[in-house]
Each structure stands twice: as structure tokens, then as C-alpha cells.
Amino acid sequence: MTNRFTGKIALVSGAARGQGRNHCVRLAAEGAEIIAFDVAGPVPGQGTPVATPEDLAETVRLVEELGRRIVVGVADVRDADAVADLVDRGVDELGGLDVVVANAGISGIPGPVAQTTPANWAAVVDTNLSGTFHTVRPAIPHLIARGGGAIVIASSSIGLRSVPNMAAYGATKAGLTGLMRTLALELAEHSIRVNTVNPTTVATPMVRNAVSYRLFRPDLDDPTEADVLPVFRTLNALPTPWVESDDVSNAVLFLASEECRYVTGIAMPIDAGYAVR
């Protein structure tokens, strides 16, 4: 274990479970204090099991168990004012901001474009794309005040190579790559680096759920994880059905650290070869 983030303060959205929780814990383990938030409740068009206040409380417990401070709030990334208030409160309490991990997102309800309702489309766009904007925008002045920093945006392998039946998700994840590149140019003069991570399927509740299983095995009425594993394995060039949250956190921490002090404007696949298959 290193101490790459000793004295640093990191903001993480979508922190209640899965990758977001893992990023919080891994950053804290390397010395960071954390500002974290999650909607911790249902979101329209979510398509996956709902995170809970208890999930968010467990993230707090794990960070505090490491001896780090954490400022936490329940906020929906679609609500720009709520997110900005949380960011400002966290900075006031902890003393600054050095790293932003814009992780919050939903997969949406799978299906062809012709069967996607405007409401479900809007829910995914508002959460994944606008929600990232709402997370990053209020953080920028605080990063500038610290003399620089790093922003890591959670995109997806589907942002690099599209798949059928996930148009809203794919469009937002591709859009995040465009947002990242613009931010990298705009913020370079302030020594703020901006990159995306683009994972393939990750073994979290966002993938390991009944909706996801039915998407990959529409031939079965009630597919199990065992039923879908062979299909998941076909997605990636390397022989694995998915990567783990730690694999993504390894990339997030690397991109946010001084080891990447001159790396900006890149989309980093953590995808077991999905994008080149």
C-alpha cells in the first residue's frame, strides 16, 4: 500500500456501493479524505437494483474504519443545486479539493431505440451526462484554488464500441468522452488533468442483476448468473466474463495520482480487450 493521496481530498459521486464505494475506500486507504454522495434511492429508468441509505452508511463506515474523514450527503446528480451545495459543504469542512471521480450513472432499461420511451431516454441522459456536468462544474473553482488536480470520469467500454439495445447508455458514455476532452483542453492551463476510465462489464450490482441477465439471455424466461456467464465471456478478448471493482479503482487512482502528472485527455479502457474484439 502506498500513500499517494496523503493530504488530498477527493470527491466521489455514486458512492453508495459498487465501483463508487470501492473508489472511496481505495482513495482513503492511500491517505485521502473523502467527499461522497449518492442518490441512495430509486431513479426513473434505472434498470438495476436501487442503492439504499444503508449502502451509503456502509461506505462511510469503511472509510472511517481507515481513520479518514468523510463528508457524505444524499444528493441526486440530476439536481445541480443539491450537488453544488454538497461539494461546497465538503470543501468547507475538509479544507479543499484535489481529485474528482465522477462515477454516478445508471444503465437504463434495455431495449431497441424504437421501444425506448422519451422518459427513459431522458432519465439516462440526465443522470449519466448532465449528472457528470453537475458534479464537475462546481468542483472546478476548488481545484483551481488548490493549484491543480485531477478529474476522472467513469465512461464505459460501450462508449468506445456500441452494442444494440443500450442506445441511451451508449450515447451518454460516448458523450462523456467528448466532455472529458473539452475539459482537458479548458483546464490544462490550471494544471487540472481530465481523463475517463472505460471499463467492460464489472462484477457489481449494475451488471449482476435480473434485468442484465435477461438482456444477455432473452431466450430464457428467468436466466441465472450461471446462464449468462458464457455470454459475458464472449464480450471480452481475454477469457473473463467481467472485471472487478478493484481493477477499475487501480486505473482511477493511477490517473488521479502524480504518477500521471502529464496524462490528460485520454480514455483508458479497463475492458479485457472488449474495444478491440
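Residues numbered from 1 in each chain as written. Predicted model: local features only at pLDDT ≥ 70, side-chain atom pairs only at ≥ 80, totals over all residues. Heavy atoms only, no water.

J.: Before we go on, may I ask you to explain the packing of helix α1 (residues 18-29) against helix α9 (residues 245-256) in this structure?
T.: Helix packing for two helices is described by the angle between their axes and how far apart those axes are. The interhelical angle for the contact between α1 and α9, taken along N-to-C directions, is 55 degrees, at an axis separation of 9 Å. The angle between α1 and α9 falls in the class oblique. Considering the relative orientation of α1 and α9, their crossing is right-handed. Residues Gly18, Gln19, Asn22, His23, Arg26 and Leu27 of α1 pack against Ser245, Asp246, Val248, Ser249, Asn250, Val252 and Leu253 of α9. Considered class by class, the residues forming the contact of α1 with α9 number four nonpolar, seven polar and two charged. (Axes fitted to C-alpha atoms, helices over the stretch in contact; angles between N-to-C directions. Helix = DSSP H or I, 4+ residues; strand = E, 2+ residues; numbered from the N terminus. Parallel < 35°, antiparallel > 145°, perpendicular 65-115°, else oblique. Left-handed = near helix turned anticlockwise from the far one by under 90°. Contact = heavy atoms within 4.5 Å. Nonpolar A, V, L, I, M, F, W, Y, C, P; charged D, E, K, R; others polar.)

J.: Honestly, unusual backbone geometry in this entry has me stumped. Any pointers?
T.: Backbone phi values are negative for most residues with the exception of glycine, while trans is the configuration of most peptide bonds. For Ala40, which is not glycine, the phi torsion reads 50 degrees and is therefore positive. Residue Ala40 is classed as buried on the basis of its relative accessible area, which comes to 9%. Positive phi is not limited to glycine here, since Ser191 has a value of about 60 degrees. (Buried < 20%, exposed > 50% of the residue type's maximum accessible area, 1.4 Å probe, protein only.)

J.: Please explain the domain arrangement of the chain as it appears in this structure.
T.: Interface size is commonly expressed as the accessible area that is lost once the parts come together. Segmentation of the chain into domains returns domain 1 (9-200 + 244-267) and domain 2 (208-241). Listed per partner, the contact involves eight residues of domain 1 and five residues of domain 2. When the two sides are added together, the surface that domain 1 and domain 2 hide from each other amounts to roughly 490 Å², 65% of it contributed by carbon and sulfur. On the domain 1 side of the interface with domain 2, the three residues burying the most area are Gly47, Pro110 and Thr200, jointly 54% of the side's total. Partitioned by chemical class, the residues of the side of domain 1 that touches domain 2 number three nonpolar, four polar and one charged. (Domains from an automatic or database assignment. Buried area = accessible area lost by both parts, 1.4 Å probe.)

J.: Please clarify how the sheet that holds strand β6 (residues 192-199) should be interpreted in this entry.
T.: Through backbone hydrogen bonds, the strands of a sheet pair up, either in parallel or in antiparallel fashion. The strand order across the open sheet built from seven strands is β3-β2-β1-β4-β5-β6-β7, with neighbouring strands paired in parallel fashion. A single partner strand is all that each edge strand has here, and the edge strands are β3 (70-74) and β7 (267-270). Neighbour to neighbour, the strand axes of the sheet diverge by 15 degrees on average, direction disregarded. Along the sheet, helix α6 (residues 167-187) makes contact with β5 (149-154), β6 and β7, crossing β6 at roughly 165 degrees. (Pairing = 2+ DSSP bridges.)

J.: Explain α6 to me, please; I cannot follow it from the model alone.
T.: One turn of an α-helix holds 3.6 residues; hence residues three or four places apart share an orientation. For α6, built from 21 residues, the straight-helix expectation of 30 Å at 1.5 Å per residue is met to within 8% by its first-to-last C-alpha distance of 30 Å. Check the buried side of α6 and you find it contacts α4 (118-136), α5 (140-145), β5, β6 and β7. (Expected span 1.5 Å × (residues − 1).)

J.: When you look at helix α3 (residues 80-94) in this model, what are you seeing that I'm missing?
T.: Compared with an ideal rise of 1.5 Å per residue, which puts 15 residues at 21 Å, α3 spans 21 Å between its outermost C-alpha atoms and is within 8% of the ideal. Looking only at α3, the buried set comprises Val83, Ala84, Leu86, Val87, Gly90, Val91 and Leu94. Down the axis of α3, the buried side of the element spans an arc of 160 degrees, and every buried residue falls inside it. The exposed set on the far side of α3, more than 90 degrees from its buried face, consists of Asp81, Asp85 and Asp92. Check the buried side of α3 and you find it contacts β1 (9-13), β2 (33-38), β3, α4 and α5. (Arc of directions from axis to C-beta.)

J.: Would you take a moment to explain the environment of Phe216 for this structure?
T.: The topology assignment puts Phe216 in helix α7 (residues 210-216). A relative accessible area of 22% means that Phe216 is categorised as partly exposed. In sequence terms Phe216 and Gly7 are 209 residues apart; their C-alpha atoms lie 44 Å from each other. Residues contacting Phe216, with those up to four places away along its chain left out, are Val228, Val231, Phe232 and Leu235.

J.: What is the right way to look at the packing of aromatic side chains in this model?
T.: Here the distance between the centres and the angle between the planes together describe a pair of aromatic rings. According to the stated counting rule, one finds two aromatic pairs in the structure shown. Aromatic side chains Phe216 and Phe232 sit 4.7 Å apart centroid to centroid with 70 degrees between the ring planes, which places their arrangement in the edge-to-face category. Placement of the pair is Phe216 in helix α7 and Phe232 in helix α8 (residues 225-235), with a sequence separation of 16 residues. Ring geometry for Phe232 against Trp242: centres 5.7 Å apart, planes inclined by 50 degrees, an arrangement best described as tilted. With Phe232 in helix α8 and Trp242 in the loop between α8 and α9, the pair connects residues that are 10 residues apart, well separated along the chain. Taken individually, Phe232 and Trp242 each receive the classification buried, so the pair is uniform in this respect. Over the ring of Tyr274 we find Arg161, and its NZ or CZ is 4.1 Å from the ring centre. (Phe/Tyr/Trp six-rings, centres within 6.5 Å; stacked < 30°, edge-to-face > 60°. Lys NZ or Arg CZ within 6 Å of the ring centre and 35° of its normal.)

J.: How do you make sense of the side chain of Thr132 when you look at a structure like this?
T.: With respect to the helices, strands and loops of the structure, Thr132 is situated in helix α4. Classification of Thr132 by relative accessible area gives buried; the value is 3%.

J.: Honestly, the pattern of salt bridges in this entry has me stumped. Any pointers?
T.: Side chains that carry opposite charge are capable of pairing whenever their charged atoms lie near each other. This structure, assessed with the given rule, holds 11 salt bridges. Glu30 is the partner of Arg4 in a salt bridge, and the nearest nitrogen-oxygen pair spans 2.8 Å. Taken together, the residues span a long stretch of sequence, with Arg4 in the segment before β1 and Glu30 in the loop between α1 and β2 at a distance of 26 residues. If you follow the salt bridges from partner to partner, you end up with Arg4, Glu30 and Glu259 in one network. (Salt bridge = Lys/Arg side-chain N within 4 Å of Asp/Glu carboxyl O.)

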